[in-house]
Amino acid sequence: MPLLRTTTLVVLTVIQLFEPSSPTGNQDKRISAFLNGDFIIGALFPVHHQPSSKKRTVASLGIKCGEIRELYGIQRVEVTFQTLDRINKDPNLLPNLTLGVEIRDECWYAPVALQQSIELIRDAITPVSSYLDSCHNLTAASDAGQRGPLIGVVGPGSSSVALQVQNLLQLFHIPQVGYSTTSRDLSDKSRFNYFLRVVPSDYYQAQVILDIVRYYGWTYVSAVNTDENYGQSGIQAFRELAEEADVCIAREDSILSNAPDEGFDKVILNLKQDPNAYVVVCFCEGLTVRGLLKATRRLNMTNHFLFIGSDGWADRGDVTRGFEEEAWGALSIRIHSPYVKSFDEYYWSLKPHNNTRNPWFREFWESRFSCSLDGPPDDTLSIDTLLNSTQSSTVNKTDSRKLCSGEESLLDKYRQDSKLSFVIKAVYSLAHALHDMQQDKCGPGTTGTCEKLLPFNGSLFKSYLMNVTFEYDEEIIEFDENGDPPGRYDIMNYQKLEDGSFDYVQVGNWHNRSLWWNQSRPVQFGKSRNVKSVCSEECPKGHYKNVQQGGKDKRCCWVCVPCPSGEILDEEGESCHRCPQGFVPDELKLKCLQLPIEHMQWWDTQAIVAMIFASLGFLSTFFAFVVFMKYNDTPVVKSSTKELCYIILAGMSVSHASVFAILMKPSMISCALSRVLPGLSFAMMYAALLTKTNRIARILAGSKKRFPTRKPLFMSATAQVVITCFLIAIEIFISGGMLHYQFPNIAHVYSTTRTLLECDTTPEAIVVPLAFDFFLIILCTIYAVKTRNVPENFNEAKFIGFAMYTTCVIWIAFVPIYFGSDSKVITLCMCVTLSAMVIWVFLFVPKLYIILVKPERNNRALFTTSKTIRCHIGSRVASAVSEKSSNNSWKESTVSGRDVGVVPPQKRTLSCQTGNELLQVLLNPKALMEPYTVSANSFALPKITERDCCEADNCQVKKIIIELPDNPVL
């Protein structure tokens, strides 16, 4: 500590060496108010206005402050005295300890504040006796004894001034408590470790202003700030918050409070360049706001802007005095400060003759009442008061003002300073911290000081100050880790009252990040009722904001563009996005509405048509099946291989049934059936038809051989059914494999007006199962072509050919229609049922016609080979015939009825397929006549005719025609 004291003295000595000397000597020493005590609190208040730029002089001539201030100066000095009186009288707070104070005028000006801070520090480390000796104070009886140590400093009022004072105070480990300094830079403990404050940071104030701007929808504002730390840090906080909240700053400017009028005019003209930014956010000190109001009047722009001011404006009457119309409707932020009711009576009772501890009170009294106090000051005043009185006496010699009676009332035009409660909180914070330190160091219940408190440790005291907690006016006072209290603000509106006067009216408050408006006191916005401060109007419904490029502050300017068809506006309104598949925008294009999910219904026209055809097919198939079952043993049924006919009828039934599976609501089961049943039905029909045509073709191929050797294989009905079932099994295997490869599922097909629910069927799933059916159809068609010239009794082959030709036409048309249109369901249904109907028409209708309409034709003779048997015999057979029957030539083998008896012949039918019997007839022609020898009618006898098959003389091929009688004589 001795080392610190020595260092301090050296620093102050150096500072004194460089202080400018004044020709008036000690008369330039600034006035201070001092009350001694066991511990001293320093205070820096702006008792006078700051020097104007025109009145400032160079350092060698000294600095002269402006006029004396009541609200920011005298009232703060007096409330400090009143608060100390209460503390010193409180037996529970600092028992048997007295707090003193030294108050100095900082003039709201950094050079003066620094000079006064140096005086505070110098006085704190200089003994009272030395101080009195140096000042030649003859009336120091009340101040006898040792001066108490300086424990902390309250003030100054300006943030920019407080920054510089803190840089000095923290060198000597002296805590500083701000009562109106709100710059957020002071929350940085790495730079300002010994600074605390009882007012919230500008960060909260910027949040309040932003909440007001957002509440009214003002997204495009201008900004002005006082060109010093308070305004700079405040507007920076507002700028950061505004960017996050999408509030744009159109124009931005800064100016000093004491700038000339031309500077303020330039600021207003700069703001005027963007007429859409009607609202101006002003992080300014009071004098800066007043300069802006003056400029609006000079430029004839009254009520052209709506100002929103920070707490530097608050509810100060000196800001708007004389410029009420220009300020009308403005909003300002006032830090919530309870009204100090106890101060009014104390303040009103003060008179020049009874207030001797305030050295500026006489000067204030004269300025307040525009009069002059006569007579010398009281003998108990300090040396500073004596010096000040000397100056005042000099002025009074030439003062022509009236004399003050000393009984004037301070109640007249009285207005309480809104910061008084903060001054009280600051003083109490130091007192409570000292009390906690005394109780910890000296022991609980200790009264008075103790050795452990001295020498006074400022660093230790700062830690107690950071952790202090006490209650004032039903409010808990405490500090966070940055030395800041929580934020609470009043929202003021400068209104025109009913009597025509103007005043500030509280219209809302902000607490714990919540904005509340007083509905009983509506906000006035000057002559305007509806204030707009936006770059672009909100877009109508269904239009998005096409933000204009040009910097981050142009994001609030846009052009409204309608959303394209099928798109809706996003939540931010800055773009449109397409509705998901199956959804369409509503009329306002704000949300997507789901399209109705449609599928083939049973009552749809297409479904009704398909079901009618399928039902007719069912009835016709069932009718044919009943008829065939009834006439199962008739030649017409037997000759058509009835087993295969029943398989074909079953396939037709499956084909018609598949129509209903296709028309069902798409599901996993219905989709699987719609893929399996058509292919299965076709396989059943065309496998049977292929077996039929193959059998006919083999019979025809055997009849064209030179000489049949043996009967073809697999000609029996059982073999035909086995072959058919084998072919059907192949189709079942293919369809099952495709179901496993592509599992049946449903899918949604989206269009602009509807959503179709369909089976998720790929072209492969359709083509592959039907490919085998197409293969069967092609083979059936080929065999139908090959057997087109069979004997006329085998005319079923011709009908099979007609059926195949028609089927090919149907399926050739199916492919482009199915894969090239959206009517896949009805296309597949009609192709399936028509294919079955074609087979029914060409294969079963002729048989049903014979069975039901022409029953006389339903006999065996009509379903054998032709009555004329054509046999083609080669050269070897002809040679054998000529050798065995040289005496019985075919040319002479015609037998008449006269050569035989009258016995009724046995009618026989010879077939070219019976090789052994034909060979015996050819070798022994008379054997053919034996059954007819009993007949007397020559016309009833068989006739045998031989012809050459070629014109050459050596033709080796003979054509033998055997004609049997139609009605042999019985």
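Scroll up to find the structure this text is about.
What this report covers is the structure whose coordinates are included nearby.

Analysis parameters
Residues numbered from 1 in each chain as written. Predicted model: local features only at pLDDT ≥ 70, side-chain atom pairs only at ≥ 80, totals over all residues. Heavy atoms only, no water. Patch = residues over 30% accessible without salt bridge, like charges linked within 9 Å, V, L, I, M, F, W, Y side chains within 5 Å. Areas by Shrake-Rupley, 256 points an atom, 1.4 Å probe, with all protein chains shown as cover. Salt bridge = Lys/Arg side-chain N within 4 Å of Asp/Glu carboxyl O. Helix = DSSP H or I, 4+ residues; strand = E, 2+ residues; numbered from the N terminus. Buried < 20%, exposed > 50% of the residue type's maximum accessible area, 1.4 Å probe, protein only. Pairing = 2+ DSSP bridges. Axes fitted to C-alpha atoms, helices over the stretch in contact; angles between N-to-C directions. Contact = heavy atoms within 4.5 Å.

Topic: a nonpolar patch on the surface
Part 1: A cluster of nonpolar residues, Ile608, Val609, Ile612, Phe613, Leu616, Leu619 and Leu834, forms a patch on the protein surface that exposes about 580 Å² of accessible area.
Part 2: In terms of residue count, helix α17 (residues 605-630) provides more of the nonpolar patch than any other element does, six residues in total.

Thoughts on unusual backbone geometry
Part 1: At the junction of Gly155 and Pro156, the peptide bond is cis and its omega measures out at 0 degrees in the coordinates.
Part 2: In this structure, Cys107 takes a positive phi of about 55 degrees despite not being glycine.
Part 3: Note on placement: Cys107 falls in the loop between β3 (99-105) and α3 (110-124).
Part 4: Judged by its relative accessible area of 0%, Cys107 falls in the buried class.
Part 5: Even without a glycine there, the phi angle at Ala314 is positive, about 50 degrees.
Part 6: Checked against the element boundaries, Ala314 lands in the loop between β10 (306-309) and α10 (317-320).

Re the sheet that holds strand β25 (residues 755-759)
Part 1: Read across the open sheet, the three strands follow the order β23-β25-β24; overall the sheet is mixed. This sheet does not close on itself; its edge strands, each paired only once, are β23 (597-598) and β24 (746-750).
Part 2: As judged from the five bridges shared by β24 and β25, these two strands associate in the antiparallel manner. For Ile746, the partnering residue across the bridge sits in β25 and is Cys759.

Observations regarding the sheet that holds strand β4 (residues 150-154)
Part 1: Spatially, six strands are ordered β1-β3-β2-β4-β5-β6 in an open sheet, and the strand pairing comes out mixed. Pairing within the sheet leaves two strands with one partner each, and these edge strands are β1 (32-35) and β6 (195-197). The sheet shows a mean angle of 20 degrees between the axes of neighbouring strands, direction not considered.
Part 2: Along the sheet, α3 contacts β2 (39-45), β3 and β4; its crossing angle with β3, the most-contacted strand, is approximately 150 degrees.
Part 3: Together, β2, β3, β4 and β5 (176-178) form the strand contacts of helix α15 (residues 420-442), whose direction differs from that of β4 by roughly 160 degrees.

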